[in-house]
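Summary of the model geometry
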Amino acid sequence: MAGLNKSILDNPILIVNHLKKWFTILLIPIIRGLSAGNALGHPMPNSVVLLTLHSDHISTELQIPLSELQAAIGIPVNDSSAQLVDRLGSELRAYLTKHINPKTLDGKPWRVTIGALKVHETQNAINGVYRELTAQLELTPPAGADIRKFILDYDAVLHQVVTHKILVSVSQDWAAGKLAEDAPAQVGVIELDIVNNRILPLTINLEAGSAWKGLISMVRLGIQHIAEGTDHLLFILVLLLPAPLLHTRRRWTDFGGIRYSLSRLLWIVSAFTVGHSVILLLGALGWVRLPSQPVEIMIALSILVSAIHAIRPLFPGKETWIATGFGLIHGMAFANTLANLSLDAGRMALSILGFNVGIELMQLLIIIVTIPWLILLSRTPVYRIVRLTGAVLAAVAAIAWTAERVTGTANAWAGMVERIAGYSPYFVFLLALLAIFFTIRTRQLKNA
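Summary of the structure given here. (Residues numbered from 1 in each chain as written. Predicted model: local features only at pLDDT ≥ 70, side-chain atom pairs only at ≥ 80, totals over all residues. Heavy atoms only, no water.)

Moving on, we come to the packing of helix 3 (residues 66-73) against helix 4 (residues 84-99). A pair of packed helices is captured by two measures, namely the crossing angle of their axes and the spacing between those axes. In contact at an axis separation of 14 Å, helix 3 and helix 4 are set at 60° when each is read in the N-to-C sense. Judged by the angle between their axes, helix 3 and helix 4 are oblique. Like other packed secondary-structure pairs, helix 3 and helix 4 cross with a definite hand, here left-handed. Residue-level contacts link Leu66, Leu69, Ala72 and Ile73 of helix 3 to Leu84, Leu92 and Tyr95 of helix 4. Residue composition of the contact of helix 3 with helix 4, grouped by class: seven nonpolar, no polar and no charged. (Axes fitted to C-alpha atoms, helices over the stretch in contact; angles between N-to-C directions. Helix = DSSP H or I, 4+ residues; strand = E, 2+ residues; numbered from the N terminus. Parallel < 35°, antiparallel > 145°, perpendicular 65-115°, else oblique. Left-handed = near helix turned anticlockwise from the far one by under 90°. Contact = heavy atoms within 4.5 Å. Nonpolar A, V, L, I, M, F, W, Y, C, P; charged D, E, K, R; others polar.)

With respect to the helices and strands, the residue His330 is situated in helix 9 (residues 319-339). Other than its neighbours up to four places away in sequence, His330 contacts His232, Phe235, Phe272, Ile299 and Ser302.

The next point concerns the pattern of salt bridges. Any two side chains of opposite charge can pair if their charged atoms end up close together. One pass over the structure, following the stated rule, counts seven salt bridges. Glu319 is the salt-bridge partner of Arg264, the closest N and O atoms lying 3.5 Å from each other. Of this pair, Arg264 sits in helix 7 (residues 258-284) while Glu319 sits in helix 9, and the two are 55 residues apart along the sequence. Across this residue pair, the class does not change: Arg264 and Glu319 are buried. One continuous salt-bridge network, built from bridges that share partners, spans Asp231, Glu296 and Arg405. (Salt bridge = Lys/Arg side-chain N within 4 Å of Asp/Glu carboxyl O. Buried < 20%, exposed > 50% of the residue type's maximum accessible area, 1.4 Å probe, protein only.)

Another point: the nonpolar core. In terms of nonpolar packing, the biggest core is built from 46 residues, with Leu234, Phe235, Leu240, Ile303, Ile371 and Trp401 touching the most fellow members. Per element, the largest residue contribution to this core is eight residues, and it comes from helix 11 (residues 383-407). Sequence-distant contacts of Phe235, that is, excluding residues within four places in its chain, are made with Phe272, Ser302, Ile303, Ser306, Phe326 and His330. Counting 38 residues, the second-largest nonpolar core is a separate cluster that includes Leu84, Ile100, Leu202 and Ile204. (Core = buried A, V, L, I, M, F, W, Y, C linked by side-chain atoms within 4.5 Å.)

Turning our eyes to something else, we now look at the packing of aromatic side chains. Counted according to the given criterion, the structure contains five aromatic pairs. For the ring pair Trp110 and Phe150, a centre distance of 4.5 Å and an interplane angle of 35° mean the geometry is tilted. Taken together, the positions of Trp110 in the loop between strand 3 (100-103) and strand 4 (111-124) and Phe150 in strand 6 (residues 149-154) put the pair 40 residues apart, joining distant regions of the chain. One exposure class covers both Trp110 and Phe150, and it is buried. (Phe/Tyr/Trp six-rings, centres within 6.5 Å; stacked < 30°, edge-to-face > 60°.)

Below, the structure is given as structure tokens:
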């Protein structure tokens, strides 16, 4: 030990290296501790890497705090962020290309393509202005390489700002059943190895994926989409309200019988399914695409039209065609959900199938738990009150949604509808009680 110490003292370069090492070991934890302690008032910004796995490449979004980037590259990108991408886009792309080097587990490099760069700015009362650079990248492995196992060698900012951290997460992995609707799943953190004074690359080793997992996740998404889509639920129920009834002279009259009711229900539901399935296929493939706002407005208007029809027949005997048309409108909203997943053709085909199955399962559940009670009630005099009350409430909700979607401003009525929808199971229970009570009461009156 004495010999080693003597050799160090004799060599100025070794002295400097040892001082740097001990400086790093002793002071970095203190700096991080101070940063953590100060986090409540002003959080230390970290970089984020979000991975979206496709069958043959990985789409990646980098989120880099400009304050940290400025400290790393010595250019005032945070202090002077106006038109930053226009002014320094080439330099920023070159910098990122230099500092991201994914490779296979045996060291073969992946191809990196830097796409769009954007600067985002937010502000709040506690932290003040926060600016961030986002970069869209595509990481493509060599032919035959496993896309789920690779080494991410990335040290932008961290190579100069030793307290910086890079949080790496998977935002979408269809083959593992993880969709963009879920919260990103963190798979690791790239940071300075204090003991060895090195930045170690992160080894990504994701669980095996399969088409089956992807299909099941899409069935789940279809179920969730209908279960949480109050407007879709309301549209289906309002459309079915007058289904058990006969009509004459523009008025709904008596119960049409079990066979008549079930036949009309079957035709209406099937027509709606055909409509949204066709447009779901066309929209998900990108052949039909409308902005979400007009689609959402048309969905709200379809509920209003159906509610008026439940009060007084607007298109008696033509409900099947109307259901097909409205199915096309609702299918556009479903298609937007799938198109946002950016899947390749094979996975998109399975996704359309799974998503549609999920929608149909949820619709079938709604029909099973509500239609028997509606049919029972429609055989009693009280059904007129139930039908009119349901239709009027649906019309109010439709008007509130239309106003909200046209103006882009939330209103109290729309918010109230969403809150009331949370009590749907209790309404179904109340509907069942009413159906049983008035069915028994009507029979008693007939037998009296």
